[in-house]
Amino acid sequence: MATTYFGQYIIRQSEIFFTSELSFALVNLKPVLPGHVLVCPKRIVPRFKDLTKEEVSDLWISAQKISVVIEDHFKGNSVTFAIQDGKEAGQTVEHVHVHIIPRKVKDFENNDEIYAEIEKDRQPRSYDEMEKEANELRPYFENK
Ligand code: AMP
């Protein structure tokens, strides 16, 4: 099986829960909130401007599909989508990725605190926990 990279990181197949022609989605090592996942182009490029029109289209159509599942599965009422595009914007992994984060009433005192939280470093969670979450999400996208 081919090795999958998220930027400089090697990703286990067990962390990936969605693939399309040009994109894939993985569970997060350090989620800001439960259900915080990432969708990336298969081609490893650092900046959004590096993507072809086909990759942009596939990435956002994928993000839309994933957001519907994530909002429902994690019992949210809204979704935050975010791209930190470049180092000065807070990007730490040089591989374009859309953060998809299900949101609930009062998950933060002020809604926009989420952006400061995305910036903070957090403790990594276990691979077992990540694998369990990916296993729960994968069936939503099978045969679709
Ligand atoms: P950014 O700071 O916008 O580049 O976001 C990087 C995201 O990747 C953060 O949400 C991290 O928690 C997440 N992350 C970093 N390393 C890994 C990894 N090995 N597997 C999954 N997610 C990761």
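Computed from a predicted structure; not experimentally measured. (Residues numbered from 1 in each chain as written. Predicted model: local features only at pLDDT ≥ 70, side-chain atom pairs only at ≥ 80, totals over all residues. Heavy atoms only, no water.)

1. Comments concerning the pairing of strand β3 (residues 16-19)
Line of reasoning, step 1. Sheet topology note: the β3/strand β4 (residues 23-27) ladder contains three bridges and is antiparallel. The residue bridging Phe 18 from the neighbouring strand is Ala 25, located in β4.
Line of reasoning, step 2. The turn joining β3 and β4, which pair antiparallel and follow one another in sequence, is formed by three residues. (Pairing = 2+ DSSP bridges. Helix = DSSP H or I, 4+ residues; strand = E, 2+ residues; numbered from the N terminus.)

2. What to know about unusual backbone geometry
Line of reasoning, step 1. Notably, Lys 75 is not glycine yet its phi reads approximately 55°, a positive angle.
Line of reasoning, step 2. Checked against the element boundaries, Lys 75 lands in the loop between α1 (53-73) and β6 (78-82).
Line of reasoning, step 3. In the Ramachandran plot, Lys 106 falls in the positive-phi region, its phi being about 60° despite a non-glycine side chain.
Line of reasoning, step 4. Looking at the secondary structure, you find Lys 106 in the loop between β7 (98-103) and α2 (113-119).
Line of reasoning, step 5. Accessibility expressed as a relative area gives 60% for Lys 106, which makes it exposed. (Buried < 20%, exposed > 50% of the residue type's maximum accessible area, 1.4 Å probe, protein only.)

3. Things to note about the site of the ligand
Line of reasoning, step 1. Lining the immediate surroundings of the ligand are 18 residues, of which Asn 28, Gln 84, Thr 92, His 97 and His 99 lie closest.
Line of reasoning, step 2. Separating an oxygen atom of the ligand from a backbone N or O atom of Lys 30 is a distance of 3.4 Å.
Line of reasoning, step 3. Measuring from an oxygen atom of the ligand, one finds a backbone N or O atom of Thr 92 at 2.7 Å.
Line of reasoning, step 4. Relative to its unbound accessible area of 500 Å², the ligand is 94% covered by the protein chains.
Line of reasoning, step 5. Every element with two or more residues in the shell around the ligand is listed here: β2 (9-11) and β4.
Line of reasoning, step 6. Residue classes in the shell around the ligand are distributed as eight nonpolar, eight polar and two charged. (Near = heavy atom within 4 Å. Polar contact = N/O pair within 3.5 Å; in protein donor to acceptor, adjacent residues only side chain to side chain. Areas by Shrake-Rupley, 256 points an atom, 1.4 Å probe, with all protein chains shown as cover. Nonpolar A, V, L, I, M, F, W, Y, C, P; charged D, E, K, R; others polar.)

4. So, the UniProt feature "binding site: substrate" (unreviewed entry) in the chain
Line of reasoning, step 1. Sequence positions flagged by UniProt for "binding site: substrate" (unreviewed entry) are, in local numbering, Asn 28, Gln 84, Gly 90, Gln 91, Thr 92, Val 93 and His 99.
Line of reasoning, step 2. Here Gly 90 shows up in the loop between β6 and β7.
Line of reasoning, step 3. The exposure class of Gly 90 is buried, given its relative accessible area of 14%.
Line of reasoning, step 4. Leaving out residues up to four positions away in the same chain, Gly 90 has contacts with Gln 84 and Glu 119.
Line of reasoning, step 5. For Gln 91, the contacting residues outside a window of four places in its chain are Pro 46, Arg 47, Gln 84, Asp 85, Gly 86, Val 96 and His 97.
Line of reasoning, step 6. Side-chain polar atoms of Gln 91 contact the backbone oxygen of Pro 46, separated by 3.0 Å. (UniProt positions renumbered as here; feature names shortened; annotations may be inferred. Contact = heavy atoms within 4.5 Å.)

5. What about the UniProt feature "site: Important for induction of apoptosis" (unreviewed entry) in the chain?
Line of reasoning, step 1. Taking the numbering used here, the UniProt-annotated feature "site: Important for induction of apoptosis" (unreviewed entry) corresponds to Tyr 115.
Line of reasoning, step 2. When you line up the elements, Tyr 115 lands in helix α2.
Line of reasoning, step 3. Given the relative accessible area of 42%, Tyr 115 is considered partly exposed.

6. A word on the nonpolar core
Line of reasoning, step 1. Counting 21 residues, the largest nonpolar core has Phe 17, Val 37, Val 39, Ile 66, Ile 100 and Leu 137 as its most contacted members.
Line of reasoning, step 2. Breaking this core down by element, the ones donating at least two residues are β3, β4, β5 (37-41), α1, β7 and α3 (127-137).
Line of reasoning, step 3. Broken down by element, this core gets its largest block of residues, five residues, from α1.
Line of reasoning, step 4. Leave out the neighbours within four places in its chain, and Leu 137 touches Phe 17, Val 27, Val 37, Val 69, Ile 70, His 73 and Phe 74.
Line of reasoning, step 5. In this structure, Phe 6, Ile 11, Cys 40 and Val 93 belong to the second largest nonpolar core, which totals eight residues. (Core = buried A, V, L, I, M, F, W, Y, C linked by side-chain atoms within 4.5 Å.)

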